[in-house]
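An overview of the molecular structure
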Amino acid sequence: MSVEVLLTQRELDICLQVAIVRISNAATAGYKHKYYSEHLSPEYLLNLNWHAAAAEMAAAKWLKVPDFVPTTDSYKDQPDIEPDYEVKHSGLDVGHLIIQENDRDSDRAILVTGFNPYVIRGWLPVSFCKDSLYLKTTSRNTAYWVPQTELVKVYEPVP
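Quick look at the structure, then. (Residues numbered from 1 in each chain as written. Predicted model: local features only at pLDDT ≥ 70, side-chain atom pairs only at ≥ 80, totals over all residues. Heavy atoms only, no water.)

A side chain of one charge can pair with a side chain of the opposite charge if their charged atoms are brought near each other. Scanning the model with the defined rule gives 9 salt bridges in all. Notably, a salt bridge pairs Arg-108 with Asp-84, separated by 2.8 Å at the nearest N-O pair. Note that Arg-108 is positioned in strand S4 (residues 108-113) and Asp-84 in the loop between helix H2 (42-62) and strand S2 (85-90), a separation of 24 residues in sequence. Here the two residues Arg-108 and Asp-84 agree in accessibility, since each one is buried. Salt-bridge contacts for Lys-88 lead to Glu-86; the nearest nitrogen and oxygen are separated by 3.6 Å. You'll find Lys-88 and Glu-86 in the same group, each marked buried. Through salt bridges with shared partners, a single network forms among Glu-86, Lys-88, Asp-103, Arg-104 and Asp-107. (Salt bridge = Lys/Arg side-chain N within 4 Å of Asp/Glu carboxyl O. Helix = DSSP H or I, 4+ residues; strand = E, 2+ residues; numbered from the N terminus. Buried < 20%, exposed > 50% of the residue type's maximum accessible area, 1.4 Å probe, protein only.)

The next subject is the sheet that holds strand S1 (residues 3-5). Read from one edge of the open sheet, 4 strands run S1-S5-S4-S2, paired in mixed fashion. Two strands bound the open sheet, and with one partner strand each, they are S1 and S2. For this sheet, the mean inter-axis angle between neighbouring strands, taken without regard to orientation, is 35°. As paired elements, S4 and strand S5 (residues 118-125) share 6 bridges and run antiparallel to each other. Within S5, the position partnered with Arg-108 by the bridge is Pro-125. Of the strands in this sheet, S1, S2, S4 and S5 are in contact with H2, which crosses S5 at around 75°. (Pairing = 2+ DSSP bridges. Axes fitted to C-alpha atoms, helices over the stretch in contact; angles between N-to-C directions. Contact = heavy atoms within 4.5 Å.)

Within a sheet, neighbouring strands are paired by backbone hydrogen bonds and run either parallel or antiparallel to one another. Read across the open sheet, the 3 strands follow the order S3-S7-S6; overall the sheet is antiparallel. Lying at the two open borders of the sheet, with one neighbouring strand each, are strand S3 (97-99) and strand S6 (135-137). Looking at each pair of strands side by side, their axes are set apart by 40° on average, direction ignored. Relative to strand S7 (residues 142-146), S3 is paired through 3 bridges, and the arrangement is antiparallel. For Leu-97, the partnering residue across the bridge sits in S7 and is Val-146.

See the structure below:
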């Protein structure tokens, strides 16, 4: 089971503004994760960051977090959504929940797919995701790729 979340134009506009600030902040801070890279086109970076922020907004809406605005400079220091939610986005409907080694074990990761409407596919504690069963090395990096079939299915917000 999954839940579709449709963002308003205002929410999408906020996410676009957040994406622009994230890219600028990451470039200034020298942060070399997906928020900034000299090897990626500006259009690709903007699109990636816009949909990441929108996925966070969709997850917060699903969780019924009032007046949520995605952060612009927290990187891995704090959760995407308080108190402990890390949001991961994939443009693919069949996308995996991809967990990096530097994701906090104490968080719960939520997989969001698609593009408005965004689809909440499921969630799992990050510590559960960091199992050698899911470990995969690609040309880009090594990460934990959790298939959607392994996620806690969603109907209502997680407790």
